[in-house]
Amino acid sequence: MRVLHHCRPIVAGHSGGISSLLSMGEGKQGVMAVAIGNKAGGGGGLVGLPNQNPIVLIQAKLKEVEVKFKEWLAKQSLPVEAAVVTATSAGQGAAIGAFMGTLTGDASSLISPPPNAPGLNPEAMASLKQAQALSGGPLVQARNFAVMTGVNAGISCVMKRLRGKEDVQSSMVAAFGSGAMFSLVSGMGGPNQAMNAVTSGLFFALVQGGLFQLGQKFSQPPVEDVFYVKTRSMLSNLGLQNYEKNFKRGLLTDTTLPLLTDSALRDVKIPPGPRLLILDHIDRDPELKGRRRGGH
């Protein structure tokens, strides 16, 4: 007589079907479980791929949130967009300034005017005030950086909306405004605040213009990358960035996305699991699905 003992099914998956096969021998026990169903992308599909780097997944999720935030912001009116951009950038600048202030310490108390300060040369007093402005504690640096970064981002946002593009001219105008405000808030320079604001603004504008030109020169993407923008975004959302090289190896560019088949993905050495996720994503994307139907 055969007796089954210690029988316990294995449960796997979250919201899909579960099938388990239990095979028992006399005095021995074997268990095999196959689970399919974990929803991916809002629908049914395969269970998430194992051994994925959690840092990469977090970066992909943050990128997705950033894209959605920018899409929402682009739909707002100019005053709302400028206010939100200014506030968020000012907050980031304040955090950076506070961190720098904690590293340098409050050295402003060590740079105090001497007793005979009124008799000092105006240029010497200007240098002393400049040193005090740059050596403040966390709160002072947070205020200075918040004003500088907030004004720069706000003016850049307004210029981009009005001119429809972001170029070196807009960047220099924003830098001029941030430099002038930084001079006024920090108290840098001599007694002529207006002249100090103008000179500081010009200095910031020249530096920003040079940095913008260098950035444009060295940040041009390779020619082939422009053909894989949608592909890269799709793979990033699916957590399959490692297979971008497979697409490039097979010349599967953005224009071929609506035409992709299982055999085409198999030819570029993409495993079955990622192939199903990619094809499922294409079937769910309205734009790609429409182009696929239109091609037939």
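Residues numbered from 1 in each chain as written. Predicted model: local features only at pLDDT ≥ 70, side-chain atom pairs only at ≥ 80, totals over all residues. Heavy atoms only, no water.

S.K.: A description of the overall build of the protein should follow, citing residues and the corresponding values.
M.R.: Regarding its fold elements, the protein presents 11 helices and two strands. Listing the helices and strands of the protein from first to last along the sequence gives β-β-α-α-α-α-α-α-α-α-α-α-α. Counted over contacts in the protein with a minimum sequence separation of 6, partners at least 24 positions apart contribute 55%. Looking at the protein as shown, the accessible area adds up to about 18,900 Å², and 64% of this sits on carbon and sulfur atoms. (Helix = DSSP H or I, 4+ residues; strand = E, 2+ residues; numbered from the N terminus. Contact = heavy atoms within 4.5 Å. Areas by Shrake-Rupley, 256 points an atom, 1.4 Å probe, with all protein chains shown as cover.)

S.K.: How would you sum up the environment of Gly177? Please name residues and give values.
M.R.: Relative to the elements of secondary structure, Gly177 occurs in helix H5 (residues 168–186). Residue Gly177 is classed as buried on the basis of its relative accessible area of 14%. Considering only alpha carbons, one finds Gly177 and Gly154, 23 residues apart in sequence, at a separation of 9.7 Å. Here Gly177 is in contact with Val151 and Ile155, once residues within four sequence places are set aside. (Buried < 20%, exposed > 50% of the residue type's maximum accessible area, 1.4 Å probe, protein only.)

S.K.: Which residues make up a nonpolar patch on the surface, and what values do they have?
M.R.: Taken together, the side chains of Phe203, Val207, Leu211, Leu214 and Phe218 make up a nonpolar region of the molecular surface, amounting to roughly 560 Å² of accessible area. Turning to its location among the elements, Phe203 is positioned in helix H6 (residues 193–218). (Patch = residues over 30% accessible without salt bridge, like charges linked within 9 Å, V, L, I, M, F, W, Y side chains within 5 Å. Salt bridge = Lys/Arg side-chain N within 4 Å of Asp/Glu carboxyl O.)

S.K.: Explain the packing of helix H4 (residues 138–163) against H5 to me, and be specific about the residues and the numbers.
M.R.: Interaxial distance between H4 and H5 falls to 8 Å at its minimum, and their mutual angle equals 150°. In this view, H4 runs roughly antiparallel relative to H5, as classed from their interaxial angle. Along this stretch, H4 crosses H5, giving a crossing that reads as right-handed. When H4 is examined against H5, the residues Arg143, Asn144, Val147, Met148, Val151, Asn152, Ile155, Ser156, Met159 and Arg163 are found in contact with a partner set consisting of Gln169, Ser170, Val173, Ala174, Ala175, Gly177, Ser178, Met181, Phe182, Val185 and Ser186. Tallied by class, the residues present in the contact of H4 with H5 amount to 11 nonpolar, eight polar and two charged. (Axes fitted to C-alpha atoms, helices over the stretch in contact; angles between N-to-C directions. Parallel < 35°, antiparallel > 145°, perpendicular 65-115°, else oblique. Left-handed = near helix turned anticlockwise from the far one by under 90°. Nonpolar A, V, L, I, M, F, W, Y, C, P; charged D, E, K, R; others polar.)

S.K.: Describe in detail the nonpolar core, supporting the description with residues and values.
M.R.: In terms of nonpolar packing, the biggest core is built from 15 residues, with Met234, Phe247, Leu260, Leu265 and Ile278 touching the most fellow members. At the level of elements, helix H7 (229–238) and helix H10 (272–284) are the ones that each hand at least two residues to this core. Ranked by residues supplied to this core, first place goes to H10 with four residues. Ignoring sequence-local partners within four residues, the contact set of Leu265 consists of Phe247, Leu252, Leu260, Ile270, Arg275, Ile278 and Leu279. (Core = buried A, V, L, I, M, F, W, Y, C linked by side-chain atoms within 4.5 Å.)

S.K.: Give a detailed account of the confidence of the model for the protein, specifying residues and quantitative values.
M.R.: Within the protein, residue pLDDT values average 75, and 66% of them lie at 70 or more. Across the protein, helix H9 (residues 262–267) holds the top mean pLDDT of 94, while strand E2 (residues 28–35) sits lowest at 40. Note that pLDDT drops below 50 for residues 1–49; the model gives that stretch 56 contacts with residues more than four away or on any other chain. (pLDDT = per-residue confidence, 0-100.)

S.K.: An account of unusual backbone geometry is requested, with residue identities and associated values reported.
M.R.: If you check the backbone angles, Leu251 has positive phi at about 55° while not being a glycine. Its place among the elements puts Leu251 in the loop between helix H8 (244–249) and H9. Phi angles above zero are rare outside glycine, and Lys269 is one such case at about 65°. Examined against the element boundaries, Lys269 turns out to sit in the loop between H9 and H10.

S.K.: Please set out the packing of aromatic side chains residue by residue, giving values where relevant.
M.R.: With the rule as written, the count across this model stands at three aromatic pairs. Centroid distance Phe182 to Phe204: 6.0 Å. Interplanar angle 40°. Geometry classified as tilted. Of this pair, Phe182 sits in helix H5 while Phe204 is found in helix H6, placing the two residues 22 residues apart along the sequence. Phe182 sits in the buried class, given a relative accessible area of 9%. Taken together through their ring pairs, the aromatic side chains of Phe182, Phe203 and Phe204 make up a single cluster. (Phe/Tyr/Trp six-rings, centres within 6.5 Å; stacked < 30°, edge-to-face > 60°.)

S.K.: Outline H4, supporting the account with residue identities and numerical values.
M.R.: The terminal C-alpha atoms of H4 lie 37 Å apart, and with 26 residues this matches the ideal 38 Å at 1.5 Å per residue to within 8%. Along H4, the residues that are buried comprise Gln141, Ala142, Asn144, Phe145, Ala146, Met148, Gly150, Ala153, Gly154, Cys157 and Met159. Positive phi shows up at Gly164, right after H4, with a value of about 75°. (Expected span 1.5 Å × (residues − 1).)

S.K.: So, the pattern of salt bridges: which residues are in play, and what are the values?
M.R.: Per the counting criterion, the structure on display carries 12 salt bridges. As a salt-bridge pair, Lys68 and Glu64 come within 3.3 Å of each other at their nearest N and O atoms. In this pair, Lys68 and Glu64 are both assigned in helix H1 (residues 54–74), four residues apart and thus about one turn of the helix distant. A salt bridge links Asp262 to Arg275, with the shortest nitrogen-to-oxygen separation between them at 2.9 Å.

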